[in-house]
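Each chain, letter by letter, is given below.
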Amino acid sequence: MPDNGRVLVLGSGAAGTSAARSLSDSGWSVAVVERDKVGGTCLWHGCMPKKALATSAHALRLTVDAEQFGIDCDSTTYDWPAVLAWKWHAQETYAGDQESLLESRGIELLRGSARFVGADAVVVDGETHVFDRAVIATGSEPVLPDIPGIELADTSADALGYAVPPTQLLIVGGGFVGLEFAGIYASFGSRVTVVASGDRPLSAADPDIVAVAVRHLDRLGVRFVTGQRVTALSGQPGSITAVSSAGSQDPPMGPFDRVLMATGRRPAVSTLDLDAAGVELDARGRLVVNAAGRTTNDRIWAAGDAAGGLMQTPVASYEGRTVAASIATGNDVPFDTTAVPTTTFTVPHLAQVGMTESAAAAAGIAYRIASTPFEFLGAAIIDDERDGLIKLIFAKDDGRLLGAHIAGPTASDLIYALALAVRYAHTAQDLQEVLGIHPSYCEAINWTAFG
């Protein structure tokens, strides 16, 4: 295969490895720069270890409730070091040998931090590397508010490896990260308080499915404080108090063993010296890119979290492949993230795709709602998971599915079929004609389509 030129890929997460593999396969000389473990945030500091902890938490909840299923458990205790060992086993098994996977494709691995020193060159730990094309795939980093005492707070990466579950845990932020950790640590007995700045957690999600999670988490002892922000932390590690935006109206919250800041993420590009490469940032500090991820330097693209779009692992992989196609063909291939499904792995899983009611109303689309609670669903009765919901939004004019929202144990799997339906404009009649398995949760999709 001919050598089409040299590409430097900054970052070895989902976006970076997808771009690197595709470009190597199409005849480019590719080097990947990585300053941390090869595999990126999702693999080592995000989705995989967090989901492994969530699975252990779910197993513990099943043990606690086993008696109603006729199972007599002698103990409902847990071994936290063994839980952490399972987390490591799961993510390392999934990872395999990341370095060898790159090597097998002929991809060079450069260890260290990269910064641009020109329009076509970067320095990695003192050594200059010239490129014909480059891909910024450096992922994202936590956003920590600039408040007094912020040094006492943890990030999500810290929360994946607590030496022991906190007795009292404050989670600042009502987004998906906050609710996922709330479900994990409440299951292990932590008394969890979640502070959300909006009037409810997960403010961008459908309120009806969020209400299901709030009920479940409340039963686990999670306390929600809404409409407030944490403005200061004080104390010392292991005994931290928090002041909220309510100020003198309320006493400080705490003390807490741990405070987890789950206040969002931003593209991790601040150390790249982008000015040297002629790569511009917008007013929010995000890369200026076109629809295909090309930056203001025509030689340089961005993909994944670094590009500032949907921060989801499948999206990062897709964008990495798409950027590779743009570079390989010489023609910009726009990203198409139509109908991307998402899931919050809290208690229970919350999944959605397409429009919410408020989005449809804002767009002036006439719609109708069909919903099915799990109260009389056979699978939910068998599993004792009757507090769940499927909610579908159909266009009134032609019946096409505009959006789908699910709260339930298998929501992360159910949403895939509905993402297909949204993407390809399937209708309520289409969903009526495809029968669901009985007894299973997918049966509720079929039921809802008749609603």
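The structure presented is a predicted model; accordingly, all values stated were derived computationally and were not measured. (Residues numbered from 1 in each chain as written. Predicted model: local features only at pLDDT ≥ 70, side-chain atom pairs only at ≥ 80, totals over all residues. Heavy atoms only, no water.)

S.K.: Outline the overall build of the protein chain, listing residues and values.
M.R.: Across its full length, the protein chain carries 14 helices and 22 strands. Going through the 451 residues of the protein chain one by one, you find that 47% of them count as buried. Taking all contacts inside the protein chain whose residues are at least 6 apart in sequence as the whole, residues at least 24 apart take part in 64%. Accessible area of the protein chain: about 20400 Å², with a carbon and sulfur share of 52%. Charged side chains in the protein chain number 32 positive and 51 negative. The centres of these two groups are separated by 3 Å. (Helix = DSSP H or I, 4+ residues; strand = E, 2+ residues; numbered from the N terminus. Buried < 20%, exposed > 50% of the residue type's maximum accessible area, 1.4 Å probe, protein only. Contact = heavy atoms within 4.5 Å. Areas by Shrake-Rupley, 256 points an atom, 1.4 Å probe, with all protein chains shown as cover. Lys, Arg positive; Asp, Glu negative; His and termini not counted. Charge placed at Lys NZ, Arg CZ, Asp CG, Glu CD.)

S.K.: Kindly report on the state of the cysteines, identifying the contributing residues and their values.
M.R.: Scanning the entire structure with this criterion turns up one disulfide. C42 shares a disulfide with C47; S-S distance 2.4 Å. Owing to a relative accessible area of 37%, C47 belongs among the partly exposed residues under this scheme. (Disulfide = S-S within 2.5 Å.)

S.K.: I'd like a rundown of the packing of helix α3 (residues 47–64) against helix α7 (residues 176–187), residues and numbers included.
M.R.: Where α3 contacts α7, the two axes come as close as 9 Å, and the packing angle between them is 40 degrees. With respect to their mutual orientation, α3 and α7 come out oblique. The two elements α3 and α7 cross, and the hand of that crossing is left-handed. Counted together, K50, L53, A54, A57, L60 and R61 of α3 and E180, F181, G183, I184, Y185 and S187 of α7 form the full contact between these two elements. (Axes fitted to C-alpha atoms, helices over the stretch in contact; angles between N-to-C directions. Parallel < 35°, antiparallel > 145°, perpendicular 65-115°, else oblique. Left-handed = near helix turned anticlockwise from the far one by under 90°.)

S.K.: Report on helix α1 (residues 14–25), specifying residues and quantitative values.
M.R.: The terminal C-alpha atoms of α1, which comprises 12 residues, lie 17 Å apart, in line with the 16 Å expected from a rise of 1.5 Å per residue. Of the residues making up α1, those classed as buried are A15, G16, T17, S18, A19, A20, L23 and S24. Looking at the buried positions of α1, the neighbouring elements they touch are β1 (6–10), β2 (29–34), α5 (98–104), β7 (133–136) and α9 (313–329). Directly beyond the C-terminal end of α1, a positive phi value near 100 degrees is found at G27. (Expected span 1.5 Å × (residues − 1).)

S.K.: Any chance you could break down the environment of L435 for me, citing the residues and the numbers?
M.R.: Counting through the fold element by element, L435 comes out in the loop between α13 (428–433) and α14 (443–449). Taking the C-alpha atoms as reference, L435 lies 9.1 Å from W447; in sequence the two are 12 residues apart.

S.K.: A description of the sheet that holds strand β11 (residues 223–226) should follow, citing residues and the corresponding values.
M.R.: Spatially, the four strands line up as an open sheet ordered β11-β10-β9-β15, and their pairing is parallel. Edge positions in the open sheet fall to β11 and β15 (258–261), since each of these has one partner strand only. Each adjacent strand pair in this sheet contributes to an overall mean axis angle of 20 degrees, direction not counted. Two elements, strand β9 (residues 168–172) and β15, share four bridges in a ladder whose sense is parallel. Following the sheet pairing, L169 is matched in β15 by R258. (Pairing = 2+ DSSP bridges.)

S.K.: Give a detailed account of the packing of aromatic side chains, specifying residues and quantitative values.
M.R.: What the rule picks out here adds up to 10 aromatic pairs. Ring centres of W44 and W88 lie 6.5 Å apart, and the angle between their planes is 35 degrees; on these two criteria the pair is classed as tilted. Placement of W44 in helix α2 (residues 40–45) and of W88 in helix α4 (residues 80–95) is noted, with a sequence separation of 44 residues between them. Judged by its relative accessible area of 11%, W44 is buried. Seen in terms of ring centroids, W80 and F188 are 5.1 Å apart; in terms of plane orientation they differ by 80 degrees. Their pairing is edge-to-face. With a gap of 108 residues between them, W80 in helix α4 and F188 in the loop between α7 and β10 (191–196) connect regions that are remote in the sequence. We classify W80 as buried; its relative accessible area is 4%. Site record: aromatic cluster; members linked through ring pairs are Y78, W80, Y162, F181, Y185 and F188. Above the face of the W44 ring, K37 is positioned so that its terminal group lies 3.7 Å from the ring centre. (Phe/Tyr/Trp six-rings, centres within 6.5 Å; stacked < 30°, edge-to-face > 60°. Lys NZ or Arg CZ within 6 Å of the ring centre and 35° of its normal.)

S.K.: Explain a nonpolar patch on the surface to me, and be specific about the residues and the numbers.
M.R.: A surface patch of nonpolar side chains, amounting to about 270 Å² of accessible area, comprises L62, F69 and I71. Within the secondary structure layout, I71 lies in the loop between α3 and α4. (Patch = residues over 30% accessible without salt bridge, like charges linked within 9 Å, V, L, I, M, F, W, Y side chains within 5 Å. Salt bridge = Lys/Arg side-chain N within 4 Å of Asp/Glu carboxyl O.)

S.K.: Before we move on, can you summarise the pairing of strand β21 (residues 389–395) with the specific residues and values?
M.R.: Burial within β21 is extensive, with seven of its seven residues counted as buried. Every second residue of β21 is oriented toward a common face, with L389, K391, I393 and A395 on one face and I390, L392 and F394 on the other, all of them buried. Relative to β21, strand β20 (residues 367–373) runs antiparallel, the two being bridged by seven bridges. Across the sheet, residue Y367 finds its bridge partner in β21, namely A395. Where β21 and strand β22 (residues 401–408) come together, six bridges link them in antiparallel fashion. Bridged to I393 within β22 is G403. Between the end of β21 and the start of β22, which pair antiparallel, lie five residues, with G399 showing a positive phi angle near 80 degrees.

S.K.: So what's going on with the pattern of salt bridges? Which residues, and what values?
M.R.: This model, assessed by the stated rule, comprises 16 salt bridges. For the salt bridge of R111 with E99, the shortest nitrogen-to-oxygen distance reads 2.9 Å. Of this pair, R111 sits in strand β3 (residues 108–111) while E99 is found in helix α5, placing the two residues 12 residues apart along the sequence. By relative accessible area, which is 43% here, R111 ends up partly exposed. Taking relative accessible area as the criterion, E99 reaches 35% and is therefore assigned partly exposed. Across the salt bridge formed by D206 and K391, the nearest N and O atoms sit 2.9 Å from each other. Placement of the pair is D206 in the loop between β10 and α8 (207–219) and K391 in strand β21, with a sequence separation of 185 residues. Its relative accessible area of 1% is what places D206 among the buried residues. Among the charged side chains, a salt-bridge network with shared partners connects D206, D208, E357 and K391.

Distances and angles like these do not, on their own, reveal function.
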